[in-house]
Amino acid sequence: MIYSLTRRAALIGGACAALLTLTSAPSQAAAKIQRLVSPGGIEAWFVQDATVPLIAMEYSFGGGASQDPPGKPGVGNLVADLLDEGSGDLDSKTYHERLERRAIELGFQSNRDQFRGSLRMLKDNKDEAYDLLRMALTSPHFEPKDVERIRAQVIANLRRESTNPSSLAGRKFLELAFGDHPYARTATGTLDSVPTIQIPDLKDYARRIIAKDTLRVAVVGDVDPDTLGKLLDKTFGGLPAKAELTPVPDVVATRPPQRAFVPLDVPQTVVTFGGPGIARHDPDFMAAYVVNHILGGGGLSSRLYKEVREKRGLAYSIYEALVWMDHSALFIGNTGTRADRAGETVDAIEAEVRRIAEEGPTQQELDEAKSYLKGSQMLALDTSSKLAQAMLQYQLDKLPIDYIEKRNAIVDAVTLDDAKRVAKKLWGNGLLTAIVGRAPQAAAQPVSAPPKAN
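From a predicted model like this one, the values you see are computed outputs, not experimental measurements.

This paragraph deals with the overall build of the protein chain. Summing up its helical and strand segments, the protein chain has 15 helices and 11 strands in all. Across the 454 residues that make up the protein chain, the buried fraction comes to 54%. Put simply, the protein chain shows about 19900 Å² of open surface, and 52% of that area lies on carbon and sulfur atoms.

Next up on the list: the packing of aromatic side chains. Two measures describe an aromatic ring pair: the distance that separates the ring centres and the angle between the ring planes. By the definition in use, this model includes nine aromatic pairs. Between the aromatic rings of Tyr394 and Tyr403, the centroid separation amounts to 5.0 Å while the plane-to-plane angle is 65°, which identifies the pairing as edge-to-face. Assigned by exposure class, Tyr394 and Tyr403 land together as buried. An aromatic cluster of three or more residues is present, and its members are Tyr59, Phe61 and Phe236. Cation over ring: Arg280 sits above Trp324, and NZ or CZ is 5.9 Å from the ring centre.

A few words now on the sheet that holds strand 2 (residues 43-48). Sheets are built from strands that pair by backbone hydrogen bonding, the pairs being arranged parallel or antiparallel. Within the open sheet, the six strands sit side by side as 1-2-6-3-5-4. Their pairing is mixed. Strand pairing shows two members of the sheet lacking a second neighbour, strand 1 (34-37) and strand 4 (105-110), which therefore form its edges. Across the sheet, the axes of successive neighbouring strands diverge by a mean angle of 20°, strand direction being ignored. In the sheet, strand 3 (residues 54-62) pairs with strand 6 (residues 216-221) via six bridges, with the strands oriented antiparallel. Directly across from Met57, in strand 6, lies its bridge partner Val219. The sheet strands contacting helix 8 (residues 225-236) are strand 1, strand 2, strand 3 and strand 6, and the helix crosses strand 1 at an angle near 50°.

Glancing now at the pattern of salt bridges. Scanning the model with the defined rule gives 36 salt bridges in all. Across the salt bridge formed by Asp222 and Lys123, the nearest N and O atoms sit 3.6 Å from each other. You can see Asp222 sitting in the loop between strand 6 and helix 8 and its partner Lys123 sitting in the loop between strand 5 (114-122) and helix 4 (126-138), a full 99 residues away along the chain. Judged by relative accessible area, which is 14%, Asp222 ranks as buried. Linking Lys172 and Glu175 is a salt bridge whose minimum nitrogen-to-oxygen distance equals 3.2 Å. Residue Lys172 and its partner Glu175 are both found in helix 6 (residues 165-178); the two are separated by three residues, about one turn of the helix. Residue Glu175 is classed as partly exposed on the basis of its relative accessible area, which comes to 43%. Members of the salt-bridge network, linked through shared partners, are Asp282, Asp284, Asp418, Arg421 and Lys425.

This next bit is on the pairing of strand 6. With five of six residues buried, strand 6 lies mostly within the body of the structure. Relative to strand 6, strand 2 is paired through four bridges, and the arrangement is parallel. Paired with Trp45 across the two strands is Ala218, which belongs to strand 6.

Taking burial as the measure, the nine residues of strand 3 include nine buried ones, the bulk of the element. Because side chains alternate across strand 3, one face comprises the buried residues Leu54, Ala56, Glu58, Ser60 and Gly62, and the other comprises Ile55, Met57, Tyr59 and Phe61, equally buried. Pairing geometry for strand 3 and strand 5, over nine bridges, is antiparallel. By the bridge assignment, Leu54 is partnered in strand 5 with Leu122.

Judged by pairing direction, the sheet is mixed, and its five strands sit side by side in the order 7-11-8-10-9 without closing on themselves. Looking at the sheet topology across the chains shown, the edges are occupied by strand 7 (258-263) and strand 9 (315-324). Taking each pair of neighbouring strands and ignoring which way they run, the sheet shows an average axis angle of 15°. Running over the sheet, helix 10 (residues 303-311) touches strand 8 (268-276) and strand 9 and is turned about 155° from strand 9.

Here we come to the packing of helix 11 (residues 342-359) against helix 15 (residues 416-427). The contact between helix 11 and helix 15 brings their axes to 7 Å, and the two run at 140°. With respect to helix 15, the element helix 11 is oriented oblique. For the crossing formed where helix 11 meets helix 15, the hand is left-handed. Listed contacts from helix 15 to Val353, Ile356, Ala357 and Glu359 of helix 11 are Lys420, Ala423, Lys424 and Trp427. Broken down by class, the residue content of the contact of helix 11 with helix 15 amounts to five nonpolar, no polar and three charged.

What follows is about the packing of helix 9 (residues 285-297) against helix 11. Relative to each other, helix 9 and helix 11 sit at 150°, their axes nearing to 11 Å. Taken as axis vectors, helix 9 and helix 11 run roughly antiparallel relative to one another. Crossing angle aside, the handedness with which helix 9 passes helix 11 is right-handed. Here Val291, Ile294 and Leu295 of helix 9 come into contact with helix 11, specifically with Glu352, Val353 and Ile356. Taken together, the residues that form the contact of helix 9 with helix 11 break down as five nonpolar, no polar and one charged.

Time to look at unusual backbone geometry. Looking along the chain, the bond that leaves Pro256 and enters Pro257 is cis, with omega of 0°. Tracing the chain through its elements places Pro257 in the loop between helix 8 and strand 7. A positive phi angle, near 55°, is found at Ala103, a position not held by glycine. With respect to the element layout, Ala103 can be found in the loop between helix 3 (92-101) and strand 4. A relative accessible area of 13% means that Ala103 is categorised as buried. Residue Phe142 is not a glycine yet carries a positive backbone phi of 55°. Within the secondary structure layout, Phe142 lies in the loop between helix 4 and helix 5 (144-161).

Basis of the calculations
- Residues numbered from 1 in each chain as written.
- Predicted model: local features only at pLDDT ≥ 70, side-chain atom pairs only at ≥ 80, totals over all residues.
- Heavy atoms only, no water.
- Helix = DSSP H or I, 4+ residues; strand = E, 2+ residues; numbered from the N terminus.
- Buried < 20%, exposed > 50% of the residue type's maximum accessible area, 1.4 Å probe, protein only.
- Areas by Shrake-Rupley, 256 points an atom, 1.4 Å probe, with all protein chains shown as cover.
- Phe/Tyr/Trp six-rings, centres within 6.5 Å; stacked < 30°, edge-to-face > 60°.
- Lys NZ or Arg CZ within 6 Å of the ring centre and 35° of its normal.
- Pairing = 2+ DSSP bridges.
- Axes fitted to C-alpha atoms, helices over the stretch in contact; angles between N-to-C directions.
- Contact = heavy atoms within 4.5 Å.
- Salt bridge = Lys/Arg side-chain N within 4 Å of Asp/Glu carboxyl O.
- Parallel < 35°, antiparallel > 145°, perpendicular 65-115°, else oblique.
- Left-handed = near helix turned anticlockwise from the far one by under 90°.
- Nonpolar A, V, L, I, M, F, W, Y, C, P; charged D, E, K, R; others polar.

Everything listed here is a matter of coordinates, which is why it stays silent on function.
Okay, here's the thing in structure tokens:
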């Protein structure tokens, strides 16, 4: 997907076996979301759940990769990788030893619009966990030896991506969609930009971004409101009051149809396709979400899967999704196919997109999609971590605190006329397409063999 994760993001899925066995939470907890304001004024959405002795917190600051300095994409990503590499009076080794000793999961990531963090711990370790987070946010070291070690890891990943067709297709698609807008920049940076990032760049980014006025917090777990309020004040209370964000203009993705090709001598061609999407606050968003499930978001049941995989055998998998950001929105899909069948695959995708734009879905497709989306909602919130992530996203999307309770009724309200109208609005202009693979004239040939020695 577009949004890049830092090397710490794996922790968000759970790294410690002791915690993995304790993440389950009853789905009905979703109905108990309360708004908590700490004595110091830190606001959080909170679900108190004593089912297991675990606390999961998700939080974010406004900023992300869109706040990287011009010409230096990747600064926020490096900051995310370095905040837990020593802080306060602890060096990197000691800091990580304390995390591991208490089975505390702590991670950061920089996406397009937010600098996000995740914290999970057993209830008995909450004081140490929140203190370690406080130290990371308020007094990171950015020691030269740690910066160079992490920089080397990022550069190694970027080198691998430079020959990865999926990575190249995603980057080319963003360039095609957003031109010179900050959203066109990759969050992880480039092989040209990352070596130029200096420690003052990292410190300045952290100073500008990590502040209380853009802070959003979601907590699920075995902690009472009074205790949580004190923990939030201790952790976030010492941060600057206001962030210093560079304004980011709203942007509409490039109007389709357009196509870009990146030559790469690999057996499988990757196709990334998409176009302008629907903003999260648009009244048509839910209709778009439902009809998008029919086209490409429904896995094995989607139209694209049936047409491209089942009927024609052109690809192993294909997906398409809505992506919304603070200043723009997209629909975006991806598939991979044999180099000699890339043209046929793109034609099949374009034909199916054109068909749903012109005809819309059937009533049966609409009913089945709505039934699935309603039934899957609670299953998607069946752990403390998932619920905390959803609660944070609802805040970022400026949805009401009782949105979970209202969502199924909003899905139900989508009519066939809505779905047909929005399908034309989304897909009526065709696709932006980025193709990475062998040139068409070489697609029927095998990968070049190395020259034989004489």
